[in-house]
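So the chains spell out like this:
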Amino acid sequence: MARSIRSRYGCLMRTIGWMATGLALIALAVAGWWYRNALADPVERRATIVLPDWPRGAQPVMIAALSDIHIGNATMDAARLTRIVAQINAAGPDLVMIAGDYVAGHDDGVARAGARDLVAPLSRLRAPLGVVAVLGNHDQSVPQAIREGLERAGVTVLDNAAVQRGPLAIGGAGDAFSHHHDLPATVRAMMPLPGAKVILTHSPDLSLDVPPGIGVLFAGHTHCGQGVLPIIGAPRVFWQPGLMCGLVRRGDLTSVIGAGLGTSGVPFRVNAPPDFWLVTLKGH
């Protein structure tokens, strides 16, 4: 009897061991799939937006809008960023706009290394109207180093300021999530400039306070959820409801919210592939 019980117990333990091994292998396979998703070439998303304040006679402008590079972690290095830059260049944008979060994490050393590694890939961006950028919340540990790296790459960095590019008056607002924004100062800087008014910022939460007269806001930050699981959805919410991803229209303002190119936290993406937007702005 005792021998029979020991035999059944041993059989049960072996079964449990095989089940645990199988579950572990499934978990590893799923993690590998999610990691490969994060390394995929970004999806090119396209939209056309008509602006009522478009200068008479001006040609349409195609903007490549990207964000959340997060260089320095397991899903983004200089080699991958260089490949992505080539993909963006192949699309032939007139203007490139980058909505912040260039480095991974909040460690000063990682941020400084990332600021150096950004220079060579981003200096390859090609657009007749140039490259305009703002900083994000992950860039605030060493903002000056990141700004200098971007400027060495030929990128114009705006901080609650504005610049004209072709038929556009672009306001670059600081990041609202980390409380570096000054929207009134940004709008004041934009208004004297000729051209259709658009805003570039990091967190899309800023869109809730944009005054009338501005047609488009470009943002990132949300990663479109990064990990959007069945039933559960996106596990963490760092944005206002309704401002997670894609084209969001509120009154006369259209917000273009990208999924970003890299990852933060875990190096996975689920139902939220990396992307950049090709947005054509034009008049009636």
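Check the entry above for the structure.
Note that the structure is a prediction, hence the values are computed from the model and not measured.

Draft legend 1. Layout of unusual backbone geometry. You will see that His223, though not glycine, has its phi angle at about 60°, which is positive. Counting through the fold element by element, His223 comes out in the loop between strand S9 (216-219) and strand S10 (246-250). A positive phi angle, close to 65°, is found at Gln226, a residue other than glycine.

Draft legend 2. Region of interest: the sheet that holds strand S2 (residues 61-66). Here we have six strands laid out as an open sheet, ordered S1-S12-S2-S3-S4-S5, and mixed in their pairing. Looking at strand neighbours, the two that pair on one side only are strand S1 (43-50) and strand S5 (156-157), the edges of this open sheet. Looking at chain direction, strand S4 (residues 131-133) and S5 are connected through two bridges and run parallel. Counterpart to Ala133 in the pairing with S5 is Val157.

Draft legend 3. Inspection of the state of the cysteines at higher detail. Counted by the stated rule, this structure contains one disulfide. Across the disulfide from Cys224 sits Cys245; the S-S distance is 2.0 Å. Judged by the torsion about the S-S bond (75°), the Cys224/Cys245 disulfide is right-handed. In this pair, Cys224 is assigned in the loop between S9 and S10 and Cys245 in the loop between S9 and S10, connecting sequence segments 21 residues apart. Residue Cys224 is classed as buried on the basis of its relative accessible area of 5%.

Reading the values: the criteria
Residues numbered from 1 in each chain as written. Predicted model: local features only at pLDDT ≥ 70, side-chain atom pairs only at ≥ 80, totals over all residues. Heavy atoms only, no water. Helix = DSSP H or I, 4+ residues; strand = E, 2+ residues; numbered from the N terminus. Pairing = 2+ DSSP bridges. Disulfide = S-S within 2.5 Å. Buried < 20%, exposed > 50% of the residue type's maximum accessible area, 1.4 Å probe, protein only.

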